[in-house]
Amino acid sequence: MKDNKIAFDFDGVIANTTKMKIKWFKKRNIKIKTSDKTSIYNILGPNMDKNRIDEIYKKMSKDIFTKEVLDKTKPVRGAVRILKKLSKQYEIYIITARPEKMFPDIESWLKKYNIEKDITKVISSAGKEKQDICNENNIFLLCDDDIRHLTNKKIQVRMLFENNKKIRDDDIISLNTWRRVKIELERNRRKSKSKNRIL
């Protein structure tokens, strides 16, 4: 059934690795307020060439995306509670840029916060577009903290989990709390029900 599958990014949406990334940049005297890849390239772009930004981002990823760092990472506020509630109505997928070899770390983290049974499947987007993965798996909603995964509409609902990011696409729902995620899903469900009644 197409209407009951939803997907979330892991880093910055479920796990608060944003905090860890900001700290990492601060130690190197680089001030950032948000840490998704698109924002980092936009912030550093005016003063640095792309190859240098690539090097910095690669180094940050190597340091941050480790089991040790993930073990210290807390969930984004509200994520655990809302995911548990949503899992009663939806099949929940995690679509992450982390490669499959890192899945045991993610699974261990989900277990630590007692939400491993609320997640249907973890999927790596390495080498693929996240919205294409959604279509392949009949997932109607994707919530991500990086706008590049949400542009070029290919799925029904796209949510940008953000911190004061400017978006130019009116069709992308911009939100910054898990409470709002739940509210938007309820709104979408009501809309779908009324549409079905009309049909």
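First, a word on scope: everything that follows refers to the structure included in this document.

## Here we look at the pairing of strand β5 (residues 157-161)
Thought 1: For β5, the tally of buried residues reaches five of five residues, placing the bulk of the element in the interior.
Thought 2: Of the two faces of β5, the one carrying Val-157, Met-159 and Phe-161 and the one carrying Arg-158 and Leu-160 are both buried.
Thought 3: Taken together, the three bridges between β5 and strand β6 (residues 173-175) define a ladder with parallel strand orientation. Along β6, the bridge assignment pairs Phe-161 with Leu-175.

## What to know about the pattern of salt bridges
Thought 1: All told, the structure shown has 18 salt bridges when counted by the stated rule.
Thought 2: The shortest N-O distance in the salt bridge between Asp-63 and Arg-28 comes to 3.9 Å. Taken together, the residues span a long stretch of sequence, with Asp-63 in helix α3 (residues 50-64) and Arg-28 in the loop between α1 (17-27) and α2 (37-44) at a distance of 35 residues.
Thought 3: Of the residues examined, Asp-63 reaches a relative accessible area of 26% and is grouped as partly exposed.
Thought 4: A residue is classified by how much of its surface remains accessible, and Arg-28, at 36% relative accessible area, is partly exposed.
Thought 5: In this structure, the salt-bridge partner of Lys-130 is Asp-144, at a minimum N-O distance of 2.7 Å. On the criterion of sequence distance, the pair formed by Lys-130 in helix α7 (residues 130-136) and Asp-144 in strand β4 (residues 141-144) is long-range, its members being 14 residues apart.

Thresholds, definitions, all that
Residues numbered from 1 in each chain as written. Predicted model: local features only at pLDDT ≥ 70, side-chain atom pairs only at ≥ 80, totals over all residues. Heavy atoms only, no water. Buried < 20%, exposed > 50% of the residue type's maximum accessible area, 1.4 Å probe, protein only. Helix = DSSP H or I, 4+ residues; strand = E, 2+ residues; numbered from the N terminus. Pairing = 2+ DSSP bridges. Salt bridge = Lys/Arg side-chain N within 4 Å of Asp/Glu carboxyl O.

Don't take any of this as a statement about function, it's just geometry.
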